[in-house]
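Here's the letter readout for the chains.
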Amino acid sequence: MRSSYSEKDVVLLLKDITGLVKPQPTKEREKLIQSGKHYSEMLPIEYVPTDRYMEIYEEALEIYSRPVAQAVGRLSDKVMKSRGADVVLVSLARAGIPIGILIKRYLKFKYDVDVPHYSISIIRDRGIDHNAMDFLLKNYRAGQLLFVDGWIGKGAILRELGKCIAEYKGVSPEIAVAADPANVTELCGTHEDILIPSSCLNSTVSGLVSRTFLRSDIIGEDDFHGAVFYEELQDADLSYGFIEAVEREFTLSPEVRETEVDGQGIDEVREIADRYHIENINFIKPGIGETTRVLLRRVPFLVLIDERYKDSRELSHLVRLAKEKQVPTAYYPLRHYKCCGIIKKIGDV
């Protein structure tokens, strides 16, 4: 699969379906998704950021590169301690790719080890790419594989992975993430809901690659899951700008401000569902990364912001996006997260 990343940083085990799928407008996709069509069978028209939004992204990158670098460093130390130098990073496309590259580079920076890094697709309710897994297991031992993602929202992909991996003896279902505000894994850089600037944009900070795609008329039985390469966006590509900004902040002894919160994020999600009479908790997307995705790719009903972060620069890109898309915001006492996005019901779209 083509991308704007070097194969020295990551090899994408994906089928290039560029030109085979027509992207659909957000509202059209939302209606189809809520009518029962699976999100992986469609691709969105990618959000084109306004100049003001890009200013906010650049500001976020300047401010939060260091906290992300510290989280990546701490995570990488945990990876080295638990897995050692023969680990094989397997990032989950696409949000996991930049974090996988950063872990790979940190392990080289601190331990002078060069570990393999691949990226494969996993899709909620559809599972992991079994052809990609077969490829990896032909080339590496099961115990070497370590899955990587950017962050954990509710933990849906962690649960999906647990179901999928059960058939692969010796493969661990744990995921290494930079941030786990859901409090469901210890293999994380931090439990704080930190802003990972790559979450603010789509393909232009993810190697110009789309989210992954799975539909039987295009993806055959022997194919990897698919993705599109947005060659036309090369002039707007910021993928290595993000990687290098974080890499410049690497330190040999990362310090992370840790937060201790009782319980798990899913408990808080259920409370929000009760408060706003939401039957399907998949409509609730907690955390900075997930809320950003809702604003970029879905049709939001409401954005909740923790009262303690009312004027936080960390959430300024969300406030800007909500304003541009005319999505109301409300202040709400959150414990695990700094914000939460709620998707509109189909009747309201």
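Provided above is the structure to which this section pertains.
Note that the structure is predicted; figures quoted are calculated from it, not measured.

Undergrad: Explanation requested: the environment of Ser199 in the structure shown.
TA: Position of Ser199 among the secondary structure elements: in the loop between strand E9 (188–190) and strand E10 (226–227). The buried category is assigned to Ser199, whose relative accessible area is 5%. For Ser199 and Tyr57, which are 142 residues apart along the polypeptide, the C-alpha to C-alpha distance reads 9.8 Å. Contact partners of Ser199, with chain neighbours within four places excluded, come to Trp151, Gly289, Thr292 and Leu296.

Undergrad: What should I look at first to understand the sheet that holds strand E4 (residues 117–120) in this one?
TA: Where strands meet in a sheet, backbone hydrogen bonds hold them as pairs that are either parallel or antiparallel. Reading across from one edge, E1-E4-E3-E7-E8-E9 is the order of the six strands in this open sheet, with parallel pairing throughout. With partners counted over all chains shown, the strands left at the sheet margins are strand E1 (11–12) and E9, one partner each. As defined by bridge partners, strand E3 (residues 88–92) adjoins E4 across four bridges and the pair is classed as parallel. Residue pairing in the sheet places Val90 in a bridge with Tyr118 of E4. Against the sheet, helix H3 (residues 96–111) engages E1, E3, E4, strand E7 (145–151) and strand E8 (175–179), with an angle of about 120 degrees to E7.

Undergrad: Would you take a moment to explain the pattern of salt bridges for this structure?
TA: Summed over the entire model, instances satisfying the criterion amount to 27 salt bridges. A salt bridge links Glu46 to Arg94; its shortest N-O distance comes to 3.2 Å. Separated by 48 residues along the polypeptide, Glu46 in the loop between helix H1 (26–34) and helix H2 (51–83) and Arg94 in the loop between E3 and H3 bring together distant segments of the chain. Residues Glu46 and Arg94 agree in their burial class; the two are buried. Between Glu271 and Arg335 there is a salt bridge, and its shortest N-O distance comes to 3.1 Å. Placement of Glu271 in helix H7 (residues 265–275) and of Arg335 in the loop between strand E13 (329–332) and strand E14 (339–343) is noted, with a sequence separation of 64 residues between them. Exposure remark for Glu271: the relative accessible area of 37% places this residue in the partly exposed category. The structure contains a network of salt bridges with shared partners spanning Arg2, Asp16 and Glu231.

Undergrad: Help me understand the nonpolar core in this model?
TA: One broad rule of soluble globular proteins: the nonpolar side chains tend to lie buried together. By size, the foremost hydrophobic cluster in this structure holds 61 residues, and its most contacted members are Leu102, Ile103, Ile196 and Phe242. Elements supplying a minimum of two residues to this core: H2, H3, E7, E8, helix H6 (239–247), helix H8 (288–297), strand E12 (300–306) and helix H9 (316–324). Considering every element that reaches this core, the biggest residue donor is H2, with 12 residues. Once residues lying within four places of it in the same chain are set aside, the contact partners of Ile196 are Val68, Ile99, Gly150, Trp151, Ala178, Ala179 and Phe242. Counting 41 residues, the second-largest nonpolar core is a separate cluster that includes Ala142, Val177, Leu334 and Ile343.

Undergrad: Looking at this structure, how should I read the pairing of E4?
TA: Look at any regular strand and the pattern is simple: side chains alternate between the two faces of the sheet. Burial along E4 is two-sided: the residues His117 and Ser119 and Tyr118 and Ile120 are all buried. The β-α-β motif built from E3, the intervening H3 and the parallel element E4 has right-handed crossover chirality.

Undergrad: Quick question: what am I supposed to make of the sheet that holds E13 here?
TA: Spatially, the four strands line up as an open sheet ordered E11-E14-E12-E13, and their pairing is mixed. The two strands at the open ends of the sheet, each matched to only one other strand, are strand E11 (284–286) and E13. The mean inter-strand angle of the sheet, taken between neighbouring strand axes irrespective of direction, is 25 degrees. One ladder, built from five bridges, connects E12 with E14; its direction is antiparallel. Across the sheet, Leu302 pairs through a bridge with Ile342, a residue of E14.

Undergrad: What's the story with the environment of Glu324 in this structure? I'm lost.
TA: One can find Glu324 in helix H9. By relative accessible area, Glu324 is classed as partly exposed at 28%. Residues Glu324 and Leu295 lie 29 residues apart in sequence; the distance between their C-alpha atoms is 9.8 Å. Residues in contact with Glu324, not counting those within four places in the same chain, are Tyr47, Thr50 and Tyr53.

Undergrad: For this particular structure, what's the right way to read the packing of aromatic side chains?
TA: Ring pairs (aromatic) are described by centroid distance and by the angle formed between their planes. For the structure on display, the rule yields eight aromatic pairs. Between Tyr106 and Phe250, the ring centres sit 5.0 Å apart and the planes meet at 80 degrees, which makes this aromatic pair edge-to-face. One end of the pair, Tyr106, is in helix H3; the other, Phe250, is in the loop between H6 and H7, and 144 residues separate them in sequence. There is no split in this pair, since Tyr106 and Phe250 are both buried. On the basis of an interplanar angle of 90 degrees and a centroid distance of 6.4 Å, the ring pair of Phe135 and Phe224 is categorised as edge-to-face. Here Phe135, found in helix H4 (residues 130–139), pairs with Phe224, found in the loop between E9 and E10; they are 89 residues apart in sequence, far enough to count as distant. Aromatic ring contacts, followed pair by pair, group Tyr118, Phe135, Tyr140 and Phe224 into a single cluster. Stacked on the ring of Tyr276, the Lys or Arg Arg275 has its end atom at 4.7 Å from the ring centre. Positioned above the aromatic ring of Tyr331, the side-chain terminus of Lys310 is 5.0 Å from the ring centre.

What counts, and where the lines are drawn
- Residues numbered from 1 in each chain as written.
- Predicted model: local features only at pLDDT ≥ 70, side-chain atom pairs only at ≥ 80, totals over all residues.
- Heavy atoms only, no water.
- Helix = DSSP H or I, 4+ residues; strand = E, 2+ residues; numbered from the N terminus.
- Buried < 20%, exposed > 50% of the residue type's maximum accessible area, 1.4 Å probe, protein only.
- Contact = heavy atoms within 4.5 Å.
- Pairing = 2+ DSSP bridges.
- Axes fitted to C-alpha atoms, helices over the stretch in contact; angles between N-to-C directions.
- Salt bridge = Lys/Arg side-chain N within 4 Å of Asp/Glu carboxyl O.
- Core = buried A, V, L, I, M, F, W, Y, C linked by side-chain atoms within 4.5 Å.
- Right-handed = clockwise from strand over helix to strand, strands pointing away.
- Phe/Tyr/Trp six-rings, centres within 6.5 Å; stacked < 30°, edge-to-face > 60°.
- Lys NZ or Arg CZ within 6 Å of the ring centre and 35° of its normal.

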